[in-house]
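# Residue-level structure breakdown
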Amino acid sequence: MNMIFILFAVLLGGALLTFFSNKVSGLLRDIFFLLTVLAAGVFFYLFIKKGDTVSFSLAGLNLQWGLNAFGWYFSLIVLGLSTLAAFYALAYMRGKERLGYFYFNFLVSILSMLGILMSRDLVSFFVFWEIMTWSSYFIVIYNGKNVQRNGINYIIFSTIGAYAMLTAIVLVYTNTDSLIISDMITSYPQFTPVLQIFVPILFLMAFSVKAAMMPLHVWAPDAYSNSPMAYSSVFSGALSKMGIYGMIIVFVTMISYLPDSTWFKEIFAWLGAITAIMGTLWAVSQDDARKLLAYSSIAQLGYIITGVAIGTELAMLSALFLAVLHGLFKGALFMAVGAIERQTGTVNFTEVTGLIRKMPWTFIASLLAIIALAGIPPLGGFVGKWMLYESLINSNHYILVIAIFFASTAAFLYCYKFLFGFFLGQEEKEWEHVKEAPALMVVPMMILAIGTVVLGTFPGIILKPADIAMQSLGYAPTEGHLWSMSVLFNEWGDQVLLKPLVYAIAGIFLFFLILLTVKGWKTMRYVTTKDISSSGEVPLEDENLTFSINFFQPFMRAAGPVMKKRMITYYREFGKAIDILFDFTRRIYNGNGQTYAIYVMIFLVILLLLKNNLFG
């Protein structure tokens, strides 16, 4: 049996065993769940090789599964993040109901994402895409909160994307008589000019929904924030990358071959930039940490979309690098919020503060992840954003780089809000009982956070497989030196040249820290977080010093005109118009036979009056 079949059998069999063992024993369910994820990961890395393919027929259709270097690169994101999230889930989900249901859909979503990455034909791709949508939808509605709003929004936009993709598949099959993706790519230059525009637009509609690109993003804030935090890290960090994966394929294999593709790329590059800017502004305005991270995820995906749309070697390399980094730091942050939620019962910045002494490991993981998200050296986020800035400047997109830089700079506001709001504010008596999260939750988030540090210093760990992935898409062989286009790296791309500067800054900081500590040793006193958050003033006992209350009001007033009208408002108005149209249609088709007879008579009279014009 082919190894790919075995991998899917392991995941599906493990999902079923996990679901049914829930009725027998919670411990047995947890063991099956964790073993399935671990077995799938180990089996993938040991036995699934790049270039492996298997062809078979099903219901008269010729299907093909396989794995190239590009799919393998995204598989790293899926399996790596899912494995850590699985350990995290065992602690986070403990004591909750319907865990067999949750773990089953968790495993099925992993299977579907790997299926998408291994599909070499359009039917398999579509089927796995739909399985991914429905398994994630069942997790979105797992908590049972606002199902009508959160679940319906997600499934409606996913359905729109699915129908767009299905229409594109039908058009491709009609013109090529094949469902194999490589045949579609080969035949694309022979499509009519109309189809050359229409087919990629349809595919990009589907992929843009999952990548949460504006204006197709409105499902994401509620879906990300209302899913259990044990899955939100996978939802934001891995599942959204399936949209990026599809967009890259379309841009490289279709859009790049259009006679005048510049305008197409410019539109999507600017949509990515707008997504980054608006996602950032809405993140700043949130007091709920889950919503803040949801909008932040949308913004970070905007950077990646911009890199994909520009499409130069350096821009694509930055997009692939940021895809991994986004999975690391956003996975760590969603896990940190989940830990805070589990230990305090709330994730609202206006309610809980001063957790740095209560949850120090969660703070350290959050700090590292926030630094990476903000693009501050020496962490990996800086490397990815620097490459993106360079690629935009080198391709003469000066206004676009200003827009992206604005979004990145404004992100400091919600980064500060996250850290100060949860950890550095005034300690309140009602949170004296709070303790650090269990090790099963802390260790995965620390691994992800440390990963951002490692990749910030040694980016070659990711750049090398990204380079190989790009070559599998048709980019010219670079012999491992693609990253030499950036001034940031050394000749081999395995280290960042800013390391001596970082060491110098750290040395100066330590020197003055030691000097001030020794000099002021005798007069040193214990400083509480209340002293810090009030700048040395002595507040009253009942005075709320939570900084997030009206703290960003001047900035939000300035951004108010841009944020005045939300996209969801336009969709709701469109929905109301459709409802009025359908109501009018129901009045016409009322089920009354006499009314239908009148319609027939009117039609015949019109036909007789216009017979000369219609039939000559």
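Right above here is the structure, for reference.
Residues numbered from 1 in each chain as written. Predicted model: local features only at pLDDT ≥ 70, side-chain atom pairs only at ≥ 80, totals over all residues. Heavy atoms only, no water.

## A look at the pairing of strand β1 (residues 53–58)
Here six bridges tie β1 to strand β2 (residues 61–66), and the two strands are oriented antiparallel to one another. In the strand pairing of β2, Ser57 is matched with Asn62. (Pairing = 2+ DSSP bridges. Helix = DSSP H or I, 4+ residues; strand = E, 2+ residues; numbered from the N terminus.)

## A few points about unusual backbone geometry
Omega for the bond connecting Met214 with Pro215 falls within 30 degrees of zero, at 10°, which places this linkage in the cis form. Relative to the elements of secondary structure, Pro215 occurs in the loop between α8 (193–210) and α9 (220–226). Positive phi, normally seen in glycine, also occurs at Asp177, with a value near 60°. Counting through the fold element by element, Asp177 comes out in the loop between α6 (147–176) and α7 (181–187). Positive phi, close to 65°, is recorded for Asn396, a residue that is not glycine.

## Some thoughts on a positive patch on the surface
A surface patch of like charges, here positive, comprises Arg94, Lys96, Lys145 and Arg342. By the element assignment, Arg94 lies in the loop between α3 (69–92) and α4 (99–118). Residue Arg94 is classed as exposed on the basis of its relative accessible area, which comes to 53%. (Patch = residues over 30% accessible without salt bridge, like charges linked within 9 Å, V, L, I, M, F, W, Y side chains within 5 Å. Areas by Shrake-Rupley, 256 points an atom, 1.4 Å probe, with all protein chains shown as cover. Salt bridge = Lys/Arg side-chain N within 4 Å of Asp/Glu carboxyl O. Lys, Arg positive; Asp, Glu negative; His and termini not counted. Charge placed at Lys NZ, Arg CZ, Asp CG, Glu CD. Buried < 20%, exposed > 50% of the residue type's maximum accessible area, 1.4 Å probe, protein only.)

## Thoughts on the environment of Trp134
Inspection of the secondary structure puts Trp134 in helix α5 (residues 122–140). For Trp134, a relative accessible area of 38% corresponds to the partly exposed category. Along the primary structure Trp134 and Tyr154 are separated by 20 residues, whereas in three dimensions their C-alpha atoms are 9.9 Å apart.

## Here we look at the packing of helix α12 (residues 289–310) against helix α13 (residues 313–344)
Packing of α12 against α13 brings their axes to within 9 Å, and their N-to-C directions diverge by 175°. By the angle class used here, α12 and α13 are roughly antiparallel. Of the residues contributing to the contact of α12 with α13, the split by class is 17 nonpolar, five polar and three charged. (Axes fitted to C-alpha atoms, helices over the stretch in contact; angles between N-to-C directions. Parallel < 35°, antiparallel > 145°, perpendicular 65-115°, else oblique. Nonpolar A, V, L, I, M, F, W, Y, C, P; charged D, E, K, R; others polar.)

## Describing the nonpolar core
In this structure, Phe74, Phe203, Trp219, Ile248 and Phe418 are the most contacted members of the largest nonpolar core, which totals 200 residues. With 21 residues, the top contributor of residues to this core is α13. Phe418 has contacts with Ala289, Leu292, Leu293, Leu333, Val337, Phe349, Ser366, Ile370 and Phe423, leaving out every residue within four places of it along the chain. (Core = buried A, V, L, I, M, F, W, Y, C linked by side-chain atoms within 4.5 Å. Contact = heavy atoms within 4.5 Å.)

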